[in-house]
Every structure is written in structure tokens, then in C-alpha cells.
Amino acid sequence: MKSLSITGLILLAVSALLFYLTTDFTVGGITISHMMGVMAGVGIGLIIGGMVGYVSKGSALKAEEKRKEFKQLQKDKEELEKQAAEIAQREAELRQQNQNPQI
């Protein structure tokens, strides 16, 4: 986004320079071709901005999905570790009972 802003400012400066060179900033010097150029510039800017926004939103959604999946995998891992610890504890208790039968 930062590079797009810098590019936009450079293009704005270039357009101001070209406008100054062609009309000397006089209202009478503004022709229909200048208005068409302004409208074309706005249109191109909107198209490029829409494409960049679409791509960046898609990237953000993919990154968020990966974060959620990673958190879910961490939770699953913790649950499996707890279950493994419980199973190991039960096995240890069963071995102890088999070694020391109470009659």
C-alpha cells in the first residue's frame, strides 16, 4: 500500500506539471481533452485500486484461515497429549495392581 501511495503522488505531480505546461493554470485554457484526461485518470486509478484491494483482501483471508487452522491443530495436539498421559497413567496403575494383587 505504501508503494501505491508513492506511485500515486508521483503521477499526481507529473499530471500537475503537464497541466501547468499546457494551460498555465488559466481557467480559459482548460479544454474538453483535459477533462477527459482527468476522468480517464480517475477511472484507471479506481480499476487499479479495486484490483489491489481484491488481491490484498484475499491474501489477508488466507492468512487468517492459516492462523485459525494452526490454533486448532495446537488445541488438538494438547488434547492428544492429555489423553496419552491419562492412558499412560492408567497403564501404570494396572501394572501396579497386577504386581501387587490384594487377596
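Quick caveat, the model's predicted, so the values are computed rather than measured.

J.: Mind showing me how you'd approach the overall build of the chain here?
T.: Within the chain one finds two helices and zero strands. Looking at the chain as a whole, 1% of its 103 residues are labelled buried. Total accessible area on the chain is roughly 9,600 Å²; 66% of this is exposed by carbon and sulfur atoms. For the chain, the distance from the average position of its 12 positive side-chain charges to the average position of its 11 negative side-chain charges is 5 Å.

J.: Just to check I follow, could you spell out the UniProt feature "coiled-coil region" (unreviewed entry) in the chain for this structure?
T.: The positions UniProt marks with the feature "coiled-coil region" (unreviewed entry) are residues 61–100. Annotated as 98% helix and 0% strand, the span residues 61–100 places its first and last C-alpha atoms 59 Å apart.

J.: For this particular structure, what's the right way to read the pattern of salt bridges?
T.: A side chain with one charge may pair with a side chain of the opposite charge, provided their charged atoms come close. Per the counting criterion, the structure on display carries two salt bridges. Residue Arg 67 pairs with Glu 64 through a salt bridge whose shortest N-O separation is 2.8 Å. Highlighted residues: Arg 67 and Glu 64, both in helix α2 (residues 32–99), separated by three residues, approximately one helical turn. On the basis of relative accessible area, Arg 67 is assigned to the partly exposed category, the value being 47%. Overall, the relative accessible area of 33% leaves Glu 64 in the partly exposed class. With its nearest N and O atoms 3.9 Å apart, the salt bridge here joins Glu 91 to Arg 95. Linking Glu 91 with Arg 95, this pair stays in helix α2, spanning four residues, or about one helical turn. On the basis of relative accessibility, which here comes to 40%, the residue Glu 91 falls in the partly exposed class.

J.: I tried to follow the environment of Ala 85 on my own but got confused; where do I start?
T.: Turning to its location among the elements, Ala 85 is positioned in helix α2. Between the C-alpha atom of Ala 85 and that of Leu 73, which follows or precedes it by 12 residues, the distance is 18 Å.

J.: Is there a simple way to think about the UniProt feature "transmembrane region" (unreviewed entry) in the chain in this case?
T.: According to UniProt, the feature "transmembrane region" (unreviewed entry) maps to residues 32–56 in the numbering used here. In residues 32–56, the share of helix is 100% and the share of strand is 0%. The end C-alpha atoms are 36 Å apart.

J.: How should a negative patch on the surface be read in this particular structure?
T.: Taken together, Asp 76, Glu 78, Glu 79 and Glu 81 make up a surface patch of like negative charges. Inspection of the secondary structure puts Asp 76 in helix α2.

J.: Honestly, the environment of Ala 16 in this entry has me stumped. Any pointers?
T.: Looking at the secondary structure, you find Ala 16 in helix α1 (residues 2–23). With a relative accessible area of 38%, Ala 16 lands in the partly exposed category.

Rules of the game
Residues numbered from 1 in each chain as written. Predicted model: local features only at pLDDT ≥ 70, side-chain atom pairs only at ≥ 80, totals over all residues. Heavy atoms only, no water. Helix = DSSP H or I, 4+ residues; strand = E, 2+ residues; numbered from the N terminus. Buried < 20%, exposed > 50% of the residue type's maximum accessible area, 1.4 Å probe, protein only. Areas by Shrake-Rupley, 256 points an atom, 1.4 Å probe, with all protein chains shown as cover. Lys, Arg positive; Asp, Glu negative; His and termini not counted. Charge placed at Lys NZ, Arg CZ, Asp CG, Glu CD. UniProt positions renumbered as here; feature names shortened; annotations may be inferred. Salt bridge = Lys/Arg side-chain N within 4 Å of Asp/Glu carboxyl O. Patch = residues over 30% accessible without salt bridge, like charges linked within 9 Å, V, L, I, M, F, W, Y side chains within 5 Å.

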